[in-house]
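Each chain, written out:
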Amino acid sequence: MKKLLVAFAAVAAFSAHADTLTVAASPVPHAEILEFVKPALAKEGVDLKVKVFTDYIQPNVQVAEKRLDANFFQHQPYLDEFNKAKGTNLVSVAGVHLEPLGAYSSKYKALTELPGGATVVIPNDATNGGRALLLLAKSGLIKLKDSNNILATIKDITENTKDLKFRELEAATIPRVLTQVDLALINTNYALEAKLDPAKDALVIEGSDSPYVNILVARPDDKDSEDMKKLVAALHSPEVKAFILEKYKGAVVPAF
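No experiment lies behind these values; they were computed from the predicted model shown. (Residues numbered from 1 in each chain as written. Predicted model: local features only at pLDDT ≥ 70, side-chain atom pairs only at ≥ 80, totals over all residues. Heavy atoms only, no water.)

Regarding the side chain of N83
Next up, step 1: By the element assignment, N83 lies in helix α4 (residues 76–86).
Next up, step 2: Judged by relative accessible area, N83 falls into the buried class, the value being 14%.
Next up, step 3: There is a polar contact of 2.7 Å between the side chain of N83 and the side chain of T88.
Next up, step 4: When residues no more than four places from it in sequence are discounted, the contact partners of N83 are T88, N89 and L90. (Helix = DSSP H or I, 4+ residues; strand = E, 2+ residues; numbered from the N terminus. Buried < 20%, exposed > 50% of the residue type's maximum accessible area, 1.4 Å probe, protein only. Polar contact = N/O pair within 3.5 Å; in protein donor to acceptor, adjacent residues only side chain to side chain. Contact = heavy atoms within 4.5 Å.)

In structure tokens form, the structure reads like this:
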């Protein structure tokens, strides 16, 4: 009974003094990584609350509106485009990991097997759509006006020898139509949620030279808060690096 009372007292003391930090995250791998660092943050006096989202819009909106403290789901090019389009001023706090975007098919085992007129679905947001087109161009399926333009669109395709038919869908929904199309460009977090193994199932995948490192994002006034610094330290720990390497087997790569 004495040990139980001591335990309750410890919990009460923690609850009384802990700061709460609420962070929005995509389910996989972002929320999983945040859940992993919860115990370490608790020891630092930070009660980390993870709010899971399956879209790419609300996490930024709710941080900008001060309903949440930070989010963890996006890369810098996406954040730049969002800030420009929505008039927000969210900033990167730290880079954590890279999720290589890949091309998947339930019908073909190699890009060379794609028939003429094949249907290809890519994300409909500017940065991930451009990212998908750059990967296809690098793979030789198409040619673009500028092979370095991360905001390339379908209109920028200058050569399409297979007469590929492009469709654009919200990134989160693309895994659901994988069996209905010939090729789908899928962000790794959504591929993992759909039980795909990027290291084995992707016909082609981004290399380690990709600029799309996933970042922790906050408002400028919160960027350098003590709690945020503690979260960054936890996310950049050797333990998190080992966790990412072991759990995701190369499908997610540490960027620190």
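Structural notes on the sheet that holds strand β2 (residues 46–52)
Next up, step 1: Overall, mixed pairing links the 6 strands, which are arranged β2-β1-β3-β12-β4-β13 in an open sheet. The open sheet has two free edges, formed respectively by β2 and β13 (253–254), since each of these has just one partner strand.
Next up, step 2: The pairing of strand β3 (residues 70–75) with strand β12 (residues 213–218) spans 5 bridges and is antiparallel. Paired with N71 across the two strands is V217, which belongs to β12. (Pairing = 2+ DSSP bridges.)

Remarks on the nonpolar core
Next up, step 1: The biggest cluster of nonpolar side chains holds 31 residues, and the ones touching the most others in it are V23, L34, L48, L216, L231 and Y248.
Next up, step 2: At the level of secondary structure, the elements contributing two or more residues to this core comprise β1 (19–25), α2 (27–43), β2, β3, β4 (91–98), β12, α8 (226–235) and α9 (238–248).
Next up, step 3: Once residues lying within four places of it in the same chain are set aside, the contact partners of L48 are L21, V23, L34, V37, K38, L41 and L231.
Next up, step 4: Counting 25 residues, the second-largest nonpolar core is a separate cluster that includes L111, L133, L134 and L164. (Core = buried A, V, L, I, M, F, W, Y, C linked by side-chain atoms within 4.5 Å.)

Some thoughts on the packing of α4 against helix α5 (residues 126–138)
Next up, step 1: Their axes nearest at 8 Å, the elements α4 and α5 cross at an angle of 140°. Taken as axis vectors, α4 and α5 run oblique relative to one another. Side by side, α4 and α5 meet where P77, Y78 and E81 of the first sit next to A126, T127 and N128 of the second.
Next up, step 2: Per-class residue counts for the contact of α4 with α5 are 3 nonpolar, 2 polar and 1 charged. (Axes fitted to C-alpha atoms, helices over the stretch in contact; angles between N-to-C directions. Parallel < 35°, antiparallel > 145°, perpendicular 65-115°, else oblique. Nonpolar A, V, L, I, M, F, W, Y, C, P; charged D, E, K, R; others polar.)

Points about the packing of aromatic side chains
Next up, step 1: Tallying each qualifying case throughout the model produces 7 aromatic pairs.
Next up, step 2: Ring geometry for Y56 versus Y78: centroids 5.7 Å apart, planes at 70°, classification edge-to-face. Placement of Y56 in the loop between β2 and α3 (58–64) and of Y78 in helix α4 is noted, with a sequence separation of 22 residues between them.
Next up, step 3: Residue Y78 is classed as buried on the basis of its relative accessible area of 8%.
Next up, step 4: Here the aromatic cluster, defined as three or more aromatic residues joined through ring pairs, consists of Y56, F73, Y78, F82 and Y190. (Phe/Tyr/Trp six-rings, centres within 6.5 Å; stacked < 30°, edge-to-face > 60°.)

A closer look at the pairing of β1
Sheet faces and side chains relate simply in a regular strand, where the side chains alternate between the two faces.
Next up, step 1: Pairing between β1 and β2: 7 bridges, direction parallel. Considered in β2, the bridge of T20 is made with D47.
Next up, step 2: The pairing of β1 with β3 spans 3 bridges and is parallel. Note on β3: the bridge partner recorded for V23 is A70.

Comments concerning α5
Next up, step 1: Taking 1.5 Å of rise per residue, 13 residues should cover 18 Å, and α5 covers 18 Å from first to last C-alpha, within 8% of that figure.
Next up, step 2: In terms of residue burial, α5 counts as a mostly covered element, since 10 of its 13 residues are buried.
Next up, step 3: Turning to α5, its buried residues are T127, N128, G129, G130, R131, A132, L133, L134, L135 and L136.
Next up, step 4: Positive phi appears at G140, one or two residues downstream of α5, with a value of about 90°. (Expected span 1.5 Å × (residues − 1).)

Considerations on α4
Next up, step 1: Taken as a whole, α4 has its buried residues at P77, Y78, L79, F82 and N83.
Next up, step 2: Buried residues along α4 sit against α3, β3, β4, α5 and β12.
Next up, step 3: Just downstream of α4 lies G87, where phi reads positive at about 75°.

With respect to the sheet that holds strand β11 (residues 204–205)
Next up, step 1: The mixed open sheet is built from 5 strands, whose spatial order is β9-β6-β10-β5-β11. Lying at the two open borders of the sheet, with one neighbouring strand each, are β9 (165–169) and β11.
Next up, step 2: Two strands pair when backbone bridges link them, and strand β5 (residues 102–104) and β11 are joined in this way by 2 bridges, in the antiparallel orientation. Looking at the pairing, G102 lines up with I205 of β11.
Next up, step 3: Contacts between α5 and the sheet are confined to β5, β6 (119–123), β9, β10 (183–186) and β11, with β6 contributing the most and set at about 135° to the helix.

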